[in-house]
Amino acid sequence: MEAQMRTIETLREAIRGDVITPADADYDTARVVYNAMIDRRPAAVVRCADAADVIAAVRYATDNGLDVAVRGGSHSVPGFGTVDGGVVIDLSPMRNVRVDPGAATATVGGGATWGDFNHATYPFGLATTGGIISTTGVAGLTLGGGIGYLARGCGLSCDNLVEADVVTANGEAIRASEDENADLLWALRGGGGNFGVVTTLTFRLHRVKDVYGGVMFYEADRAGDVLRFFRSYIEDAPLAFGGFPAFQIAPPLPFIPESRHGEPFIAIVACWSGALERGENVLKPFHDIAPVVAEMVGPMPYPAMNSAFDALVPKGLQHYWKANFVTELTDEAIAAHETFGPRVPYVSSTMHLYPINGVVHDVAPDATAFAYRDANFAEVIAGMWLEPADNEANIRWVRDYYSATAPQSEQGGYVNFMSADDHDRVVVNYKENYLRLVEVKRRYDPSNVFHLNQNIEP
Ligand SMILES: Cc1cc2nc3c(=O)[nH]c(=O)nc-3n(C[C@H](O)[C@H](O)[C@H](O)COP(=O)(O)OP(=O)(O)OC[C@H]3O[C@@H](n4cnc5c(N)ncnc54)[C@H](O)[C@@H]3O)c2cc1C
């Protein structure tokens, strides 16, 4: 019989990584997550070095009846990566990436970030769909779906996940692939962290190296023109075009006239991953919508594009987000964006309207857990600001904006953009796939050990 992990000492002896408790000097560093609104005090943070450490940590938690939080990149807005009085399974030491250029795959540790991933794949001229920010965790983003610059041409991140190693609730290490535990692979492609701790993920890679992209700013009062243009442009835009409209306060950067710093604009963020020499031409129509007040576009390595906005969203901000899928970007919705977008209250806050058409639509709604294959956009209103004293005003902006656009949207939204108060939306976020997710949950985690997530109850 397997040894039980009843005491913290047994756990410490059993693992290669670190066990950090309130008695340790680095406890206050170890318990911090990205969203500064979340201030929790776990009984232990277990920094895992490998899958064996994860198995020991899961057993320690279940033997002692403690809550389990799983943390990779730590970006969860609701703070799912930590828990009062429970065990945090921190995978951040497990960030190795191994590229197989022949097979065009990469196998990555459960704690890697997209920065780690891009760094490893770029020299081979390969990439897969990640998000917009390089500090986000590969596992957390992929397990919820994974929307980013390359999605229209390469699919969601979860569509490129071909295999995963998973430690289940009973401390068993299993593989999920098309041939082994295929139901688990289906659920991991969008079902979030509900089914176990993913220690490695293997992705299909695509030929992407340097891209042509950046950001173009337009006057906020031209938002209607920009959004109407984007609505029709994106319908049949080349698949190598990724990008999205955003409301953005101008940061103090040299390419923006100094007199305009701090003012709100509507922006188009663009990423062309096709032939570089076509890039300038592809972005030309965006210069004909309205005068471009400021822009920074050009050729750059894909990892540079994927980290271009990192500095706008440092660790330690307050976060409150709301999200919906959008099938038709109606004139009424555009009117709501024109009203609320320019009121964006802080330089890190934004509204992004990510296109999720193209090859994302080629996958059947029931082929993966990610159900909204007919939606054309994932809208997120992301409130991110520095001072807790400003919480009320910033949360109000997110809620008012959301209330104005929600009637023009689908009922469900992207699980990775949900806040803690969105739990009652889990069923609609998965539509027809929800019941099948419950079945898979019952098979792999019948007592809901992994419940700190947008939870699918067994
Ligand atoms: C600044 C910012 C930018 C973002 N941009 C994008 C974007 O462009 N596209 C997009 O799709 N999403 C984006 N997101 C949302 C992001 O996908 C989610 O916040 C995601 O949960 C973050 O994963 P993480 O590993 O960084 O977070 P963590 O807080 O570490 O993990 C979040 C949850 O994911 C699960 N999880 C993480 N790792 C594992 C694992 N190895 N095994 C099992 N479960 C795990 C757990 O349930 C965990 O609680 C962004 C978020 C932020 C804050």
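In this report, the structure presented in the accompanying data block is examined. (Residues numbered from 1 in each chain as written. Predicted model: local features only at pLDDT ≥ 70, side-chain atom pairs only at ≥ 80, totals over all residues. Heavy atoms only, no water.)

## A short note on the side chain of Asp-159
For the record, the criterion: The helix and strand labels rest on DSSP assignments: H or I over at least four residues marks a helix, E over at least two residues marks a strand, and numbering proceeds from the N terminus. In this scheme, a residue with accessible area under 20% of its type's maximum is buried, one over 50% is exposed, and one in between is partly exposed, where area comes from a 1.4 Å probe on protein chains only. N or O atoms closer than or at 3.5 Å make up a polar contact, with two conditions inside protein: a donor-capable atom paired with an acceptor-capable one, and, for residues adjacent in sequence, both atoms drawn from side chains. The contact definition used throughout considers only heavy atoms, calling two residues in contact when any of these lie within 4.5 Å.
Structurally, Asp-159 is set in the loop between helix H6 (151-154) and strand E8 (161-167). The class of Asp-159 is buried, set by a relative accessible area of 11%. Separated by 3.0 Å, the side chain of Asp-159 and the backbone nitrogen of Leu-156 make a polar contact. With near-sequence residues (within four places) excluded, Asp-159 lies in contact with Arg-189, Arg-204, Val-363, Thr-368 and Arg-373.

## Here we look at the sheet that holds E8
For clarity, the threshold we go by: At least two bridges found by DSSP between two strands are what make those strands a pair. Lines fitted to the C-alpha atoms define the axes, with helices restricted to the stretch that makes contact. Angles between their N-to-C directions range from 0 to 180 degrees.
Pairing in this open sheet of 5 strands is antiparallel, and the strands run E5-E6-E10-E8-E9 from one edge to the other. Lying at the two open borders of the sheet, with one neighbouring strand each, are strand E5 (97-100) and strand E9 (173-176). Here the average twist between neighbouring strands, direction ignored, is 15°. Where E8 meets strand E10 (residues 197-204), 6 bridges bridge the pair, whose relative direction is antiparallel. Paired with Val-166 across the strands is Val-198, a residue of E10. Where helix H4 (residues 114-121) meets the sheet, its contacts fall on E5, strand E6 (105-109) and E10, and the angle it forms with E5 comes to roughly 35°.

## Observations regarding the sheet that holds strand E1 (residues 18-20)
In space, the 4 strands of this open sheet follow the order E1-E2-E4-E3, with mixed pairing throughout. The strands lining the two open edges of the sheet, one partner per strand, are E1 and strand E3 (68-71). Neighbour-to-neighbour, the strand axes of this sheet turn through a mean angle of 20°, independent of strand direction. Relative to strand E4 (residues 87-90), E3 runs parallel, the two sharing 4 bridges. By the bridge assignment for E4, Val-70 is matched with Ile-89. Sheet contacts for helix H3 (residues 51-63): strand E2 (44-47), E3 and E4; angle to E4, the most-contacted strand, approximately 170°.

## Section: the packing of aromatic side chains
Threshold: Between rings of Phe, Tyr and Trp, where Trp is taken as its six-membered ring, a pair exists when centres lie within 6.5 Å; planes separated by under 30 degrees are stacked, by over 60 edge-to-face, and by other angles tilted. To sit over a ring, a charge needs its Lys NZ or Arg CZ within 6 Å of the ring centre and within 35 degrees of the ring normal.
For the structure shown, the criterion picks out 20 aromatic pairs. The interplanar angle of 70° and the centroid separation of 5.6 Å between the aromatic rings of Trp-397 and Tyr-401 together place this pair among those described as edge-to-face. Taken together, the positions of Trp-397 and Tyr-401, both in helix H12 (residues 391-405) and 4 residues apart, correspond to about one turn of that helix. Comparing Trp-397 with Tyr-401, the two get one shared label, buried. One aromatic cluster in this structure is built from Tyr-149, Phe-244, Trp-321, Phe-325, Tyr-354, Phe-370, Tyr-372, Tyr-414 and Phe-417. Lys-209 extends its terminal NZ or CZ atom over the ring of Tyr-122, reaching a point 5.0 Å from the ring centre. Sitting above the plane of the Tyr-402 ring, Lys-322 keeps its charged end 5.5 Å from the centroid.

## Quick notes on the site of the ligand
For the record, the criterion: Working definition: residue near molecule or strand if any one of its non-hydrogen atoms lies within 4 Å of it. Reported accessibility uses the Shrake-Rupley method at a 1.4 Å probe radius. Residues are deemed covered only where the shown protein chains occlude them.
Around the ligand, a shell composed of 33 residues is seen, among which Gly-72, Ser-74, Gly-137, Ile-147 and Tyr-414 lie nearest. Here Tyr-414 contributes a side-chain N or O atom positioned 2.6 Å from an oxygen atom of the ligand. Within the side chain of Asn-416, a nitrogen or oxygen atom sits 3.1 Å from an oxygen atom of the ligand. Relative to its unbound accessible area of 940 Å², the ligand is 96% covered by the protein chains.

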